[in-house]
Amino acid sequence: MLNGYCKASMPGHALNLIEVLKSRGTAINRTMYTILIDGFCQLGEVSKAKEIFKSTLADGISPDVVTYSALINGMCKMGKLEETREILSRMQKTGVLPNEVLYTTLVCYCCKAGYVREAMKYFVDIYRRGLAANSFIHNALLCALYREGMVTQAEQFKEYMSKMKITFDVASLNCIIDSYCSRGSVHEAFSVYDNMEKYGCSPDVYTYRNLLRGLCKGGHLVQAKEFMSCIVHIPSAIDQKTLNALLLGICNHGSLDEALDLCEKMVTINFIPDIHTYTILLSGFCRKGLIKEGQVKAASYLFQEIICKEGMYADCIAYNSMMNGYLKAGKLHKVEMTIYDMNQNKVYPNPASYNILMHGHIKKGHLSRSIYLYKDMVRKGIKPTNVTYRLLILGLSKHGMIEIAVKFLDKMVLEGIYPDRLSFDVLINAFSEKSRMSDALQLFNCMKWLYMSPSSKTYSAMINGLIRKNWLQHSCDVLRDMVESGLEPKHTHYIALINAKCRFGDINGAFRLKEEMTALGIVPAEVADSSIVRGLSKCGKVEEGIIVFCSIIRAGMVPTIATFTTLMHGLCKEAKISDALHLKSLMESCGLKIDVVTYNVLITGLCKIQCVSDALELYEEMKSKGLRPNVTTYTTLTEAIYGTGRTLEGEKLLNDIEDRGLVPSYTDQCPEWRMENAMDRLNMIRNCRKGTAFNNDFKVLHADHKSIHKAAAD
């Protein structure tokens, strides 16, 4: 009778029966108490079951493993892990040891709750006590390992099960298939599917859904459609979720016309599109990269006329999809209106809703509005996510409030929210741009402690910032860390470091960096060697640069144009014009085309030693090769001609400058005045390009606007 009442969910009658028995003087034994405890646990009334358990102890009855199992099973169902551990500890202290059934309960609960390591401890205890774990325990553990992303351990455990000849059930095989599909290994997933009959299992709806989802996720849309056509006629092979999985794949990798066709076909095979179907379709209309005015209107129609007016409950996800579409179309006011409608229809926004709206305001630079939204979330009891904090950090960093952004990062951690890589990237980039490298390195070390790696862009910002601060050792360490993390550094990073090392006299360090750059295959060997030549030349070590340059030539390699030019510049600074001109000849013999920059270096060098005639010859040669002299060329030559008093020789040069529209034509003026006017105008143009601020007493030159615009264009 007691057992019947409990099974019929009539615990009140069961307790009345106990009272009747007690009034008759009948002793209540352990089995009766166990039935009562189990009955209340099955109904989820664990607190009442615990009271009965205490009564058992008070009556001097020692619970056995079955009694403990009933109570532990009830607590596991209610998720009371800590209390379960306490009961288990008390049980073992009284000398009652778990049996196979209780171990199965403990392992399966821990696996379901995500406590895989604890489940594995119970698994080990089973064998320590001389018991044998059943196949149910093995399969539960295998599923949990895959579900929690512990792929390596799962693969090892799968091999162990195969060696021990433990049968796989359909649930564990589905987990294996799902794991392969999630990692993009669709071939391996289908291999498991093909061998299911060998394991004595038949594919179920979850098997087909996982395979279809894997094909869609990998972009294998044609194969996904073919697979669907094969399974559509198998009884109970597909459900609404399976069709939705295919629809999601089509929306992500196919066309919207195909998605609409699938929605029509659903009806023909007796599946009516549900709210999830329409939400996927809505997301398809609003997906990234395809936001056009027509699509936003179609999405709005789908949302208003079908979802809202056909009696379907538009949930938060549907509203968020619509808001996302408006955001991508740049219609922030529509996003505001949609979130207002949500509140009116008693569909309460979730963190994602606020994040979408916050993202729109951050893009528009509305920082104060974003802060207000964050405060509104907190006030309404909506817990901000890592995306919320990342958006706030981005907005604050853009407005130069980096210290406050860091405080939000601290707050994020204190609230138990795991910061993502993007949050760190934003802050490190902001600190690097402001050359606050101590703060950037501190955050970089935090990322390493959390087993994160910055993005390639963040590494670049850090390296550049460290070089600007002349923290060369730190920049080398970060560069090598970048390589170790699997990212390929830019050749410009190495070249900048090589230049800095040469500048500080660390030639050996520069050569080591050159060897690293060559070993990584970032640039050809001649480019790597050329970077050393340029580094040495820039820091005044021209002789050493020439030695390395000669070794490149002897090795049968051709240095870069920039290397020739930099070396020429170094020689010209030391007034070794003949050597610089020799390099020009060598450059031409190597088949390299001399550019305007190289000619400017040589012309500047010749003008510096007052060889103006030779400089003018190079100028003419430059024009004869179809090269277009720039402002630097003209400025250097006009200053040299004017400074040496050879104004008449510069008549042709002045005509060229005037023909280019850089200065107005004043043929009625004397050559000296024209030359002086040209010099002033050319210097003004050059200073404008460099962004040099003019003094208030700068002489304003009379010119028509057309000539200024033409000069800027040239």
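These figures come from a predicted structure and were not determined experimentally.

J.: Lay out the overall build of the chain in plain terms, naming residues and giving numbers.
T.: Secondary structure summary: the chain contains 40 helices and 0 strands in total. What you see for the chain is a C-alpha radius of gyration of 39 Å, clearly larger than the 27 Å of a compact globule of 714 residues, by over 25%. Oriented by its inertia axes, the alpha-carbon framework of the chain measures out at about 135 × 60 × 55 Å. Expressed as a percentage of the 714 residues in the chain, the buried residues total 46%. Sequence-distant contacts, at least 24 apart, represent 57% of the contacts inside the chain between residues at least 6 apart.

J.: Summarise the environment of G505; cite the residues concerned and give the values.
T.: Positionally, G505 belongs in the loop between α29 (491-503) and α30 (507-520). On the accessibility criterion, G505 (41% relative accessible area) is partly exposed. When the C-alpha atoms of G505 and C539 are compared, they prove to be 8.6 Å apart, with 34 residues separating the residues in sequence.

J.: Run through the side chain of D315, naming residues and quoting values.
T.: Within the secondary structure, D315 sits in the loop between α18 (293-307) and α19 (316-328). Among the polar contacts listed, one links the side chain of D315 to the backbone nitrogen of A318, at a separation of 3.0 Å. Leave out the neighbours within four places in its chain, and D315 touches I275, T279 and V347.

J.: So what about the packing of helix α6 (residues 81-93) against helix α7 (residues 100-113)? Which residues, and what values?
T.: The interhelical angle for the contact between α6 and α7, taken along N-to-C directions, is 155 degrees, at an axis separation of 13 Å. Taken together, the axes of α6 and α7 lie roughly antiparallel to each other. The two elements α6 and α7 cross, and the hand of that crossing is left-handed. Facing L81, T84, L88 and M91 of α6, the residues of α7 in contact are L102, L106 and Y109.

J.: Hey, could you go over helix α10 (residues 151-163) for me, with residue numbers and the actual values?
T.: Compared with the 18 Å implied by 1.5 Å per residue over 13 residues, the 18 Å span of α10 between its first and last C-alpha is a close match. Buried residues of α10: A154, E155, F157, K158 and M161, and no others. Down the axis of α10, the sector holding all buried residues measures 165 degrees, keeping them to one side. Exposed and facing more than 90 degrees away from the buried side of α10 are T152, Q156 and K163. At its buried positions, α10 is contacted by α8 (116-128), α9 (135-147) and α11 (170-182). Positioned one or two residues after α10, K165 has a phi angle of 55 degrees, which is positive.

J.: Describe the side chain of T565, with residues and values.
T.: Summarising the element assignment, T565 is placed in helix α33 (residues 561-573). Assessed through its relative accessible area of 8%, T565 is described here as buried. Apart from residues lying up to four places away in sequence, T565 is in contact with V597, T598 and V601.

J.: Could you give an account of the confidence of the model for the chain, with specific residues and numbers?
T.: The predicted model of the chain averages 84 in pLDDT, with 94% of residues at 70 or higher. Contacts from residues 692-714, a stretch scored under 50 in pLDDT, to residues over four places away or in other chains number 29 contacts.

J.: So what about the packing of aromatic side chains? Which residues, and what values?
T.: Scanning the entire structure with this criterion turns up 17 aromatic pairs. Among the aromatic residues, ring-to-ring pairing joins F123, Y127, F157 and Y160 into one connected group.

J.: Could you give me a rundown of the pattern of salt bridges, with the residues and numbers involved?
T.: Following the criterion strictly, the structure yields 31 salt bridges and no others. Between K584 and E588 there is a salt bridge whose closest N-O contact spans 3.5 Å. With K584 and E588 both in helix α34 (residues 577-589), this residue pair falls 4 residues apart, about one helical turn. Assessed through its relative accessible area of 8%, K584 is described here as buried. One salt bridge in this structure joins K623 and E620, with 3.7 Å as the shortest N-O distance. Of the two residues, K623 and E620 both sit in helix α36 (residues 612-624), 3 residues apart, roughly one turn of that helix.

J.: Explain the state of the cysteines residue by residue, including any values.
T.: In total, this model carries 0 disulfides according to the counting rule given. Distance from the sulfur of C6, which forms no disulfide, to the nearest cysteine sulfur (C41) is 10 Å. By relative accessible area, C6 is classed as buried at 11%.

J.: So what about unusual backbone geometry? Which residues, and what values?
T.: Although it is not a glycine, S236 adopts a positive phi angle of roughly 60 degrees. When you line up the elements, S236 lands in the loop between α14 (221-231) and α15 (240-253). On the basis of relative accessibility, which here comes to 67%, the residue S236 falls in the exposed class. Here the phi dihedral of N470 falls at roughly 65 degrees; this positive angle occurs in a residue that is not glycine. Locating N470 in the fold gives a position in the loop between α27 (456-468) and α28 (472-484). On the basis of relative accessibility, which here comes to 36%, the residue N470 falls in the partly exposed class.

J.: Got a sec to walk through α6? Specific residues and values, please.
T.: With 13 residues, α6 extends 19 Å between its outermost C-alpha atoms, agreeing within 8% with the 18 Å of an ideal straight helix rising 1.5 Å per residue. Where α6 is concerned, the buried positions are L81, T84, I87, L88 and M91. Buried residues of α6 fall within an arc of 120 degrees about the axis and therefore sit on the same side. Opposite the packed face of α6, turned more than 90 degrees from it, sit the exposed residues E86 and K93. On the buried face of α6, the contacting elements are α5 (65-77), α7 and α8. After α6 finishes, the residue G95 shows a positive phi value of roughly 90 degrees.

J.: So what's going on with the packing of helix α23 (residues 386-398) against helix α25 (residues 421-433)? Residues and values would help.
T.: Between α23 and α25, the least distance of the axes is 9 Å, while the angle of their chain directions is 10 degrees. In this view, α23 runs roughly parallel relative to α25, as classed from their interaxial angle. Seen along the crossing, α23 lies across α25 with a hand that is left-handed. Along its contact with α23, which presents N386, R390, I393, L394 and S397, the element α25 presents L422, S423, V426, L427 and A430. A class-by-class count of the residues in the contact of α23 with α25 yields 6 nonpolar, 3 polar and 1 charged.

J.: Tell me about the environment of E226, and please be specific about residues and values.
T.: Of note, E226 is situated in helix α14. Note: C-alpha distance between E226 and V413 (187 residues apart in sequence) is 47 Å.

Conventions adopted
Residues numbered from 1 in each chain as written. Predicted model: local features only at pLDDT ≥ 70, side-chain atom pairs only at ≥ 80, totals over all residues. Heavy atoms only, no water. Helix = DSSP H or I, 4+ residues; strand = E, 2+ residues; numbered from the N terminus. Rg over C-alpha atoms; globule rule 2.2 N^0.38 Å. Buried < 20%, exposed > 50% of the residue type's maximum accessible area, 1.4 Å probe, protein only. Contact = heavy atoms within 4.5 Å. Polar contact = N/O pair within 3.5 Å; in protein donor to acceptor, adjacent residues only side chain to side chain. Axes fitted to C-alpha atoms, helices over the stretch in contact; angles between N-to-C directions. Parallel < 35°, antiparallel > 145°, perpendicular 65-115°, else oblique. Left-handed = near helix turned anticlockwise from the far one by under 90°. Expected span 1.5 Å × (residues − 1). Arc of directions from axis to C-beta. pLDDT = per-residue confidence, 0-100. Phe/Tyr/Trp six-rings, centres within 6.5 Å; stacked < 30°, edge-to-face > 60°. Salt bridge = Lys/Arg side-chain N within 4 Å of Asp/Glu carboxyl O. Disulfide = S-S within 2.5 Å. Nonpolar A, V, L, I, M, F, W, Y, C, P; charged D, E, K, R; others polar.

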